[in-house]
Amino acid sequence: TSGTLLAQSMAESVRHVKYTDAEDRLIPSRFPDEGYGTIPSFPTYRRSILIEPGPQAGTKHITITVGFRPTTARGFGPEEQVQLMLLVARRPSPS
């Protein structure tokens, strides 16, 4: 679905952010919430990301949520959601 595509796209963005021993750019302010009407070509979708400490030192638990309102005969239906969860480990700093 489009919701899954948008979640996977954000997961790829997360994967490319520096998270090493020397530098941590995997922070919430880098990924602001995207409300309805702000994602190009997907006006009925919204996307948010939650970044929390992971279960072990040097890891982060990432939850990407995409909300959408499906079209019905009466307009838009109630919001539905797709969530994608990731566990990201800190990478060693390059030598």
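For the structure itself, consult the block above.
Residues numbered from 1 in each chain as written. Predicted model: local features only at pLDDT ≥ 70, side-chain atom pairs only at ≥ 80, totals over all residues. Heavy atoms only, no water.

Trainee: Quick question: what am I supposed to make of the side chain of K60 here?
Mentor: With respect to the helices and strands, the residue K60 is situated in strand β2 (residues 59-68). Judged by relative accessible area, K60 falls into the buried class, the value being 12%. In terms of polar contacts, K60 uses its side chain to reach the backbone carbonyl oxygen of L26, at 2.7 Å. In this view, K60 contacts Y19, D24, L26, I51, E52, P53, G54, L86, L87 and V88; residues no more than four positions away in its chain are not counted. (Helix = DSSP H or I, 4+ residues; strand = E, 2+ residues; numbered from the N terminus. Buried < 20%, exposed > 50% of the residue type's maximum accessible area, 1.4 Å probe, protein only. Polar contact = N/O pair within 3.5 Å; in protein donor to acceptor, adjacent residues only side chain to side chain. Contact = heavy atoms within 4.5 Å.)

Trainee: Can you walk me through the pattern of salt bridges in this structure?
Mentor: Any two side chains of opposite charge can pair, on the condition that their charged atoms come close. Overall, the coordinates contain 6 salt bridges when judged by the stated rule. Taking the shortest distance from any N to any O, the salt bridge between K60 and D24 comes out at 2.8 Å. Taken together, the residues K60 in strand β2 and D24 in the loop between α1 (2-15) and β1 (45-53) connect sequence positions 36 residues apart. Relative accessible area serves as the criterion here: at 38%, D24 is assigned to the partly exposed category. Several salt bridges share partner residues, and in doing so they unite K18, E23 and R25 into one network. (Salt bridge = Lys/Arg side-chain N within 4 Å of Asp/Glu carboxyl O.)

Trainee: Is there a simple way to explain unusual backbone geometry in this structure?
Mentor: Negative phi characterises most residues that are not glycine, and trans characterises most peptide bonds. Of note, S41 is a non-glycine position whose phi angle comes to about 75°, a positive value. For S41, the location among the structural elements is in the loop between α1 and β1.

Trainee: Explain the sheet that holds strand β5 (residues 80-89) to me, please; I cannot follow it from the model alone.
Mentor: Working definition: the strands of a sheet are paired by backbone hydrogen bonds and lie parallel or antiparallel to each other. Within the open sheet, the 3 strands sit side by side as β1-β2-β5. Their pairing is antiparallel. The strands lining the two open edges of the sheet, one partner per strand, are β1 and β5. Ignoring which end each strand starts from, the neighbouring axes of this sheet average 15° apart. Where β1 meets β2, 9 bridges bridge the pair, whose relative direction is antiparallel. Across the sheet, residue I49 finds its bridge partner in β2, namely I64. (Pairing = 2+ DSSP bridges. Axes fitted to C-alpha atoms, helices over the stretch in contact; angles between N-to-C directions.)

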